[in-house]
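Coordinate inspection notes
Listed here are the chains, written in short residue letters.
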Amino acid sequence: MAADLLKLNGDYEDFLRDLKNRIRTAQVRAALAVNRELVLLYWQIGRDILSRQQQQGWGAKVIDKLAKDLKAEFPEMKGFSRTNLLYMRAFAEAYPDEQIVQQLVGQIPWGHNVRILDYIKDPQERLWYTQQTIEYGWSRNVLIHHIETNLYQRQGQATTNFARSLPKPQSDLAQQLLKDPYNFDFLSLGREAVERDLERALTEHIREFLLELGVGFAFMGNQYHLEVEGDDFYIDLLFYHVKLRCYVVIDLKMESFKPEFSGKMNFYTSVVDDLLRHQNDNPTIGIILCRGKKKTIVEYALREINKPIGVSTYELKDVLPETLKGSLPTVEQLQMELEAKASEIEAISETENER
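For the structure given in this document, a descriptive report is provided here. Remember, it's a predicted structure, so these values are computed and weren't measured experimentally. (Residues numbered from 1 in each chain as written. Predicted model: local features only at pLDDT ≥ 70, side-chain atom pairs only at ≥ 80, totals over all residues. Heavy atoms only, no water.)

Looking at the side chain of Asp281
Locating Asp281 in the fold gives a position in the loop between helix H13 (260-275) and strand S6 (285-290). Buried within the structure, Asp281 lacks any salt-bridge partner; its nearest side chain of opposite charge belongs to Arg245, at an N-O separation of 4.7 Å. With near-sequence residues (within four places) excluded, Asp281 lies in contact with Tyr240, Arg245 and Tyr247. (Helix = DSSP H or I, 4+ residues; strand = E, 2+ residues; numbered from the N terminus. Buried < 20%, exposed > 50% of the residue type's maximum accessible area, 1.4 Å probe, protein only. Lys, Arg positive; Asp, Glu negative; His and termini not counted. Salt bridge = Lys/Arg side-chain N within 4 Å of Asp/Glu carboxyl O. Contact = heavy atoms within 4.5 Å.)

As structure tokens, this is what we get:
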């Protein structure tokens, strides 16, 4: 018996692993199918409400009556509140084509769809966020974060030489992965901060930084050491992008773009290609992040460079300059002033009453 078990061990483990994967896949498919049916049901309810209000003149109060009657019939279901019925009607109005519901928006949870309805009015932008949610599996909070930071408008806006330095379709994919500007509002840096302060702050908030960079970036290190003929060089931030299958060098600048920045990045990407790049990797990409840039100057600086380099800007959380901080009242001072004003008003009122 023991011998039989030992003989089965290798095949059995493979068989068990395969069964587990198939069961998990079936569970995911079942959950997606349930979600798709629920979203489709909500769309159909919203469409029918909208149709009857338009064709038969039903007023807004019909929503209240429907919510009450449906709750009485299905007390265990939580989706028939007045608010949710209003969302169903808005959902049907936003997506009049049932095919879009079946093939696209039905693939994301109802809560995601509600947030997209809340925040976005443009139909194309709604579909873009839906597609990104499906592709990258965004949670609701991640979706809201990307909407609030205007990812749709920022995606693919960096100034690059990718079209000339990378083959298609890699050039298109790399271009779409870069943003302009990047939103670093999770950092608080004064105006006196230097590049090293920015680098340190980003690595201390690496989770938020990776979220802002986007899916696929793997952090390899900061102040990454390179040695060339006995001289030491240090890359601010080094990443590897899983989908692009290449290293990504990021150089941080606390000032606007200058043409000499591109020469330094050209050097870094060449060294990484020679020292780190695997034979199956694609060419290393360089990203220069600056406080500001002039597009024409960047284009001239990148024109004769064959290494793929992009230039983007970033935005930091607004902070008060140190010189102003001492001149503004503190919370305690404001409170004391308000209390003094209240006492003054009270004294005036008492005097008027005595008259």
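Remarks on the environment of Ile250
Within the secondary structure, Ile250 sits in strand S5 (residues 246-252). Accessibility expressed as a relative area gives 1% for Ile250, which makes it buried. In this structure the C-alpha to C-alpha distance between Ile250 and Glu199, which are 51 residues apart in sequence, comes to 10.0 Å.

As for the nonpolar core
The tendency in soluble globular proteins is for nonpolar side chains to be buried as a group. Counting residues in hydrophobic clusters, the biggest one holds 32 residues, and the most contacted among them are Phe91, Tyr95, Val101, Trp110, Ile116 and Tyr129. Listing elements by their share of this core, those giving two or more residues are helix H1 (2-55), helix H2 (61-73), helix H3 (82-94), helix H5 (110-119), helix H6 (123-136) and helix H7 (140-148). Among residues more than four places away in sequence, those in contact with Trp110 are Asn35, Val39, Tyr42, Asn84, Tyr87, Met88 and Phe91. By size, the runner-up hydrophobic cluster in this structure holds 31 residues, among which are Leu177, Ala193, Cys246 and Tyr314. (Core = buried A, V, L, I, M, F, W, Y, C linked by side-chain atoms within 4.5 Å.)

Quick word on the pattern of salt bridges
This model, assessed by the stated rule, comprises 14 salt bridges. A salt bridge links Asp118 to Arg115, with the nearest nitrogen and oxygen atoms 2.6 Å apart. Of this pair, Asp118 and Arg115 both sit in helix H5, 3 residues apart, which is roughly one turn of that helix. Measuring nitrogen to oxygen at the nearest pair gives 3.0 Å for the salt bridge that ties Lys243 to Glu135. In this pair, Lys243 sits in the loop between strand S4 (231-241) and S5 while Glu135 sits in helix H6, placing the two residues 108 residues apart along the sequence. Lys243 gets classed as partly exposed once you look at its relative accessible area, which sits at 47%. Glu135 sits in the partly exposed class, given a relative accessible area of 44%. Bridged by salt links that share partners, the residues Asp251, Lys253 and Lys264 form one connected network.

Distances and angles like these do not, on their own, reveal function.
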